[in-house]
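Chains, contacts and geometry: an overview
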Amino acid sequence: IIGSCGQITMLLVGFFTIFMACALISNVVYVYVHICLPAVAPPGTALHFVLLSGICWISFGVFFNYFMSIAVHPGRVPQRFKEWFRYRVKQDPGTVPESWVCKKCREGKPARTHHCSICGECVLKMDHHCPWINGCVGYHNQRYFNLFLVYLLIGTFYCSCLYGYVFWHTNEYKYISKNIYVLLAFVVAGAIFVAMLAFTSWNGYLLKTNQSAIEFQINSEEADRVKNLQNGSVYRNPYDLGFRRNVAEVFSIRSLMAGIGEPGYEKAKGWRGTLMVLSAMLPTLQPMHCDGSVFPQWSENSNFDTV
């Protein structure tokens, strides 16, 4: 009974946070479109069309990626891995490392998989449990969550610029700057922008180094251990394949997955590679390129670039 009450409570809290997120973002967009924009750029002008097109595209990016983060499951342990694990245990249980067994559900789990006590299941490449999406950020929805943060950062900056213009020219737009809805939207947009600037920077670092938040803690301890050995070694995350391939792995860009000397590598360098990375910003329903149970690892002899 206690467990059921806890799950119901978490479900209600999750619905409330999702509603609050949508309400706050919608309020910022509404004030921009219906109050500030018509006064600064009258309807029918070229400036009005440009500014309106910009907020429409950004809003679509924010809500599309937000709802995809919620709708796409972060990743359950594939059935084929469970069957392989049970066969391995049955054949030779002594060769099964403890790291392959979940301490909570006592089932097999692939590398980079962690158990979420709130969701009550193992999540592939679990980053963290986010109350704002009422679920975990993991292998299959990580790209949507990252893009949601990026679009929200751009959107709050975009809206704050127009709000700031209105407040800067107080004498001309005094009747607007005194509007309580504009004041509220300005405060909300500014607060979200500051929070997203920090959070997006943090997630950008994790993306660059191909780590989850949980792995960062684990790798930090390992890096300290290597440093304490004082043998001149520098610890590198085993899944760090270089920036280009790290982005390709998270956003499932197959054309960027080639290593040095492999077919397609040269075509993905320079401005072409930059365009491919920027293409990850576009909305897509394309599934990830694998099931999340196996990840390539870096080694001294690998042909992965580091930039």
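Residues numbered from 1 in each chain as written. Predicted model: local features only at pLDDT ≥ 70, side-chain atom pairs only at ≥ 80, totals over all residues. Heavy atoms only, no water.

**Points about the confidence of the model for the chain**
- Mean pLDDT over the chain: 84, with 85% of residues reaching 70 or higher.
- Per-element mean pLDDT across the chain ranges from 69 in helix H9 (residues 270-278) up to 95 in helix H2 (residues 46-71). (pLDDT = per-residue confidence, 0-100. Helix = DSSP H or I, 4+ residues; strand = E, 2+ residues; numbered from the N terminus.)

**Some thoughts on the nonpolar core**
- In this structure, Tyr32, Cys36, Tyr163 and Phe251 are the most contacted members of the largest nonpolar core, which totals 46 residues.
- Contributing elements (two or more residues each) for this core: helix H1 (2-40), H2, helix H4 (142-168), helix H6 (180-209) and helix H8 (243-251).
- Residues within four places of Tyr32 in sequence aside, it is in contact with Leu37, Pro38, Leu51, Ile55, Tyr158, Cys159, Leu162 and Tyr163.
- The next biggest cluster of nonpolar side chains, apart from the first, holds 7 residues, and it includes Val77, Val96, Cys102 and Cys122. (Core = buried A, V, L, I, M, F, W, Y, C linked by side-chain atoms within 4.5 Å. Buried < 20%, exposed > 50% of the residue type's maximum accessible area, 1.4 Å probe, protein only. Contact = heavy atoms within 4.5 Å.)

**Brief notes about the state of the cysteines**
- In total, this model carries 0 disulfides according to the counting rule given.
- For the unlinked cysteine Cys102, the closest cysteine sulfur is that of Cys105, found at 3.3 Å.
- In this structure Cys102 comes out as buried when scored by relative accessible area, which is 2%. (Disulfide = S-S within 2.5 Å.)

**A closer look at the packing of aromatic side chains**
- Applying the stated criterion across every chain, the model contains 19 aromatic pairs.
- When the centroid spacing of 6.1 Å and the interplanar angle of 80° are considered together, the rings of Phe145 and Phe199 count as edge-to-face. Placement of the pair is Phe145 in helix H4 and Phe199 in helix H6, with a sequence separation of 54 residues.
- Here the aromatic cluster, defined as three or more aromatic residues joined through ring pairs, consists of Trp57, Phe60, Phe64 and Tyr144.
- Just above the ring of Phe295 sits the side chain of Arg112; from NZ or CZ to the centre is 4.7 Å. (Phe/Tyr/Trp six-rings, centres within 6.5 Å; stacked < 30°, edge-to-face > 60°. Lys NZ or Arg CZ within 6 Å of the ring centre and 35° of its normal.)

**Observations concerning unusual backbone geometry**
- You will see that Arg112, though not glycine, has its phi angle at about 75°, which is positive.
- Examined against the element boundaries, Arg112 turns out to sit in the loop between helix H3 (79-91) and strand E1 (114-116).
- Overall, Arg112 belongs to the buried group, its relative accessible area being 5%.
- A positive phi angle, close to 55°, is found at Ser252, a residue other than glycine.
- Assignment of secondary structure puts Ser252 in the loop between H8 and H9.
- Residue classification places Ser252 among the buried positions, given a relative accessible area of 4%.

**Some details on the packing of H6 against H8**
- Viewed as axis vectors pointing N to C, H6 and H8 meet at an angle of 105°, and their least axial separation amounts to 7 Å. Comparing their axes, H8 and H6 come out roughly perpendicular. Together, Leu207, Lys208 and Thr209 of H6 and Phe243, Asn246, Val247, Val250 and Phe251 of H8 make up the contact between the two elements.
- For the contact of H6 with H8, the residue count by class is 5 nonpolar, 2 polar and 1 charged. (Axes fitted to C-alpha atoms, helices over the stretch in contact; angles between N-to-C directions. Parallel < 35°, antiparallel > 145°, perpendicular 65-115°, else oblique. Nonpolar A, V, L, I, M, F, W, Y, C, P; charged D, E, K, R; others polar.)

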